[in-house]
Amino acid sequence: MSRLPLLLGEAPSERGDRYHAFPLSGAPAEFICKLMEWETEGPAYWTLIEHFETLNAIERYRDAYPWSKPRAQERWTRWLLTRPEEEQRLPLIVVCLGQRAAGAVGLRDDKPYGEWLEAGLLQAVCVPHPSGRNRFWNTSGARESMRSWLEEAIARAEAARWKGTVA
């Protein structure tokens, strides 16, 4: 039973679509592993999934453009309903990579980066998309903020895991 926090991306890139079964592999995994200063041997994706589950709000590139929030919400709901029953009773810690992923989970567009929403068993936060096109990465302290948000997600998942073993 996995009790890792979930990294929710938007969709595979056109170039990365052939790896859609490995969400956030490639550049996002490399970026996050480097940011977190995790040692990688081979593809960064294998290190990333030691710390996070991964999922894209839209499974395939061809289905992501034009963006459809209802389609992303439908996939999110389907994913929630297919989780093992024992996991459905535990807190779910979700880090949404960008506003589109956050919309799939139900976070409002005006919610600031790094501000957690807690609703029932869901704990979710929106952080900047790791794309180099995001202007956030040009701001002072951006990388430190992102690292802090990811560390908090891991700590929340660890706390939830601990509570799950006591109950």
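The coordinates are above.
Source: prediction; values computed, not measured.

1. Digging into the nonpolar core
Okay, so step 1: Among the nonpolar cores identified, the biggest contains 27 residues, and Leu-7, Ile-32, Leu-48, Val-95 and Leu-150 are the most heavily contacted of them.
Okay, so step 2: Only α1 (27–36), α2 (44–51), β3 (92–97), β5 (122–127) and α6 (142–166) provide two or more residues apiece to this core.
Okay, so step 3: Not counting residues up to four positions away in its chain, the partners in contact with Leu-150 are Leu-7, Ile-32, Leu-35, Met-36, Phe-52 and Val-95.
Okay, so step 4: With 21 residues, the next largest nonpolar core counts Leu-6, Leu-92, Cys-96 and Cys-126 among its residues.

2. Considerations on the sheet that holds β3
Okay, so step 1: In spatial order, the strands read β2-β1-β3-β5-β4; together these 5 strands make up an open sheet with mixed pairing. Edge positions in the sheet fall to β2 (53–56) and β4 (117–119), since each has one partner strand and no second. Across the sheet, the mean angle from the axis of one strand to that of its neighbour is 20°, orientation sign disregarded.
Okay, so step 2: As paired strands, β4 and β5 are joined by 3 bridges and run antiparallel to one another.

3. Notes on the pattern of salt bridges
Okay, so step 1: Scanning the model with the defined rule gives 10 salt bridges in all.
Okay, so step 2: Among the ionic pairs, Glu-115 bridges to Lys-111, the shortest N-O distance being 3.0 Å.
Okay, so step 3: The partner of Arg-156 in a salt bridge is Glu-152, with the nearest N and O atoms 3.1 Å apart. Taken as a pair, Arg-156 and Glu-152 lie in helix α6 at a separation of 4 residues, close to a single helical turn.
Okay, so step 4: By relative accessible area, which is 30% here, Glu-152 ends up partly exposed.
Okay, so step 5: Residues joined by salt bridges that share partners form a network here, namely Glu-37, Arg-147 and Glu-151.

Scoring rules and cut-offs
Residues numbered from 1 in each chain as written. Predicted model: local features only at pLDDT ≥ 70, side-chain atom pairs only at ≥ 80, totals over all residues. Heavy atoms only, no water. Core = buried A, V, L, I, M, F, W, Y, C linked by side-chain atoms within 4.5 Å. Buried < 20%, exposed > 50% of the residue type's maximum accessible area, 1.4 Å probe, protein only. Helix = DSSP H or I, 4+ residues; strand = E, 2+ residues; numbered from the N terminus. Contact = heavy atoms within 4.5 Å. Pairing = 2+ DSSP bridges. Axes fitted to C-alpha atoms, helices over the stretch in contact; angles between N-to-C directions. Salt bridge = Lys/Arg side-chain N within 4 Å of Asp/Glu carboxyl O.

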